[in-house]
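In case you want the letters, here they are:
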Amino acid sequence: MAGRTMTEQAFFILTALVGEPRHGYGIVGEVEELSEGRVRLKVGTLYGALDRLTGEGQVELDREEVEQGRLRRYYRITDSGRQAVAAEAARQAANARAAELRLGAWRAQGGTA
């Protein structure tokens, strides 16, 4: 993802995988929780993003298990994925700091939010 801004979906998928490997529906639920409901992944969107992240070396297959006759694929974040999500978190924090500084100056001049 070097040189590109990470999508919000990719950011939350990678963040969801930081703690432990997860299967698709586990990722969907974790993303919804992490984003406080702002990001709700559809299964097709999730697997498209996972394919892209896998191709970029950010995510890899951890294992496959059969549960109730259905195959579950578990994914894990790679070192490259951890570095990418850390860089994106720092970028977002810097953007928020810049906005807060401007808003603080505006409020100090009598602006109201």
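Given the structure is predicted, the values throughout are model-derived calculations rather than measurements.

Quick notes on the rules
Residues numbered from 1 in each chain as written. Predicted model: local features only at pLDDT ≥ 70, side-chain atom pairs only at ≥ 80, totals over all residues. Heavy atoms only, no water. Helix = DSSP H or I, 4+ residues; strand = E, 2+ residues; numbered from the N terminus. Buried < 20%, exposed > 50% of the residue type's maximum accessible area, 1.4 Å probe, protein only. Areas by Shrake-Rupley, 256 points an atom, 1.4 Å probe, with all protein chains shown as cover. Lys, Arg positive; Asp, Glu negative; His and termini not counted. Charge placed at Lys NZ, Arg CZ, Asp CG, Glu CD. Pairing = 2+ DSSP bridges. Expected span 1.5 Å × (residues − 1). Contact = heavy atoms within 4.5 Å. Polar contact = N/O pair within 3.5 Å; in protein donor to acceptor, adjacent residues only side chain to side chain.

Q: Any chance you could explain the overall build of the protein here in plain terms?
A: Secondary structure assignment for the protein yields four helices and three strands. Along the chain direction, N to C, the helices and strands of the protein fall in the order α-β-α-α-β-β-α. Across the 113 residues of the protein, 29% fall into the buried class. When the accessible surface of the protein is summed, it comes to about 7300 Å², and 49% of that surface belongs to carbon and sulfur atoms. Of the side-chain charges in the protein, 16 are positive and 16 negative, and the distance between the mean point of each set is 5 Å.

Q: Which parts of the structure should I look at to understand the pairing of strand β3 (residues 70–77)?
A: Regular strands place their side chains on alternate faces of the sheet. Where strand β1 (residues 22–23) lies against β3, two bridges are found, and the strand directions are antiparallel. By the bridge assignment for β3, R22 is matched with Y75. For strand β2 (residues 59–67) and β3, the ladder comprises eight bridges, and the chain directions are antiparallel. Counted as the bridge partner of V66 is L71 from β3. Remark: two residues form the turn of the hairpin made by β2 and β3, two consecutive strands paired antiparallel; Q68 in that turn has positive phi of roughly 50°.

Q: What is the right way to look at helix α3 (residues 43–55) in this model?
A: Three- or four-residue spacings in an α-helix give side chains the same orientation, since the helix completes a turn every 3.6 residues. Given a rise of 1.5 Å per residue, 13 residues ought to cover 18 Å, and the 18 Å separating the end C-alpha atoms of α3 matches this to within 8%. Contacts from the buried residues of α3 go to α1 (8–17), α2 (24–34), β2 and β3. With its phi angle positive at about 80°, G57 sits one or two positions after the end of α3.

Q: I tried to follow the sheet that holds β2 on my own but got confused; where do I start?
A: Sheet strands associate in pairs through backbone hydrogen bonding, adopting either a parallel or an antiparallel arrangement. Spatial ordering of the open sheet is given by β1-β3-β2, a layout of three strands whose pairing is antiparallel. The outermost strands of the open sheet, each flanked by one partner alone, are β1 and β2.

Q: Explanation requested: the environment of E64 in the structure shown.
A: The topology assignment puts E64 in strand β2. Taking the relative accessible area as the measure of exposure, E64 reaches 42% and is therefore partly exposed. In this structure, the C-alpha to C-alpha distance between E64 and H23, residues 41 residues apart in sequence, is 8.9 Å. Each residue touching E64, except ones within four places of it in the same chain, is listed here: L71, R72 and R73. At 2.6 Å, the side chain of E64 and the side chain of R73 are in polar contact.

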